[in-house]
Amino acid sequence: QVQLVESGGGLVQPGGSLRLSCAASGSIYRMNAMGWYRQAPGKQRELVAGISSGGSRNYADSVKGRFTISRDNAKNTVYLQMNRLKPEDTAVYYCNADLLSWDLVPKNYWGQGTQVTVSS
């Protein structure tokens, strides 16, 4: 079994910064692509940023230039540095990971979500 544990959410004023972390643990042979999604009340879940096993990154247009995704393969951890936060960034942020478990079966996992609220 695999667990994704997120941390780093909270309340921040507009223009502020937060750093989210997501650590994967359990029966992991190899981590592949990892990413962050978010879901605001009444809206569909959307991709915020993704990073491949080789380090290629992609971002939603709404966060380009403000958010940075990175990963530490030795720790099976993905990060999301969020700068110049706006009220419209308010959402529950979810970590997602594609990986190979020790039985070499590709699997996809979600974290439990962490709330980010941007408000004065």
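The following paragraphs examine the structure supplied in this document. The numbering scheme is per chain: residues are counted from 1 as the chain's sequence reads. Note on the predicted model: pLDDT of at least 70 is required for a residue's local features to be given, and 80 or more for side-chain atom pairs to be given and counted; whole-chain, interface and lining totals, by contrast, use all residues. Hydrogens are left out, water is left out, and the side-chain values use all remaining heavy atoms of the structure.

## A closer look at the environment of L11
For clarity, the threshold we go by: Comment: elements are numbered from the N terminus, with helices defined as DSSP H or I runs of at least four residues and strands as E runs of at least two. Each residue's exposure class comes from its accessible area (1.4 Å probe, protein chains only) as a fraction of the maximum for that residue type: buried when under 20%, exposed when over 50%, partly exposed otherwise. Two residues qualify as a contact provided that any one of their heavy atoms is within 4.5 Å of a heavy atom in the partner residue.
For L11, the location among the structural elements is in strand β2 (residues 10–12). Take L11: its relative accessible area is 64%, and that puts it in the exposed class. Along the sequence, L11 and V116 sit 105 residues apart, while their C-alpha atoms lie 6.2 Å from each other. Those residues in contact with L11 that lie beyond four places of it in its chain are T117 and S119.

## A few points about the side chain of E6
Keep this limit in mind: Pairs of N or O atoms within 3.5 Å make up the polar contacts considered here, provided that, within protein, one atom can donate a hydrogen while the other can accept it, and that residues adjacent in sequence are counted only when both atoms are side-chain atoms.
Note on placement: E6 falls in strand β1 (residues 2–7). There is a polar contact of 2.5 Å between the side chain of E6 and the backbone nitrogen of C95. Non-local contacts of E6, meaning those with residues more than four positions away in its chain, are made with S21, C22, W36, Y93, Y94, C95, G111, Q112, G113 and T114.

## Notes on the pattern of salt bridges
The test is simple: By definition here, a salt bridge exists when the distance from a side-chain nitrogen of Lys or Arg to a carboxyl oxygen of Asp or Glu is within 4 Å.
For the structure shown, the criterion picks out five salt bridges. Between E46 and R38 there is a salt bridge whose closest N-O contact spans 2.7 Å. By relative accessible area, which is 35% here, E46 ends up partly exposed. A salt bridge links R38 to D89; the shortest N-O distance between them is 3.0 Å.

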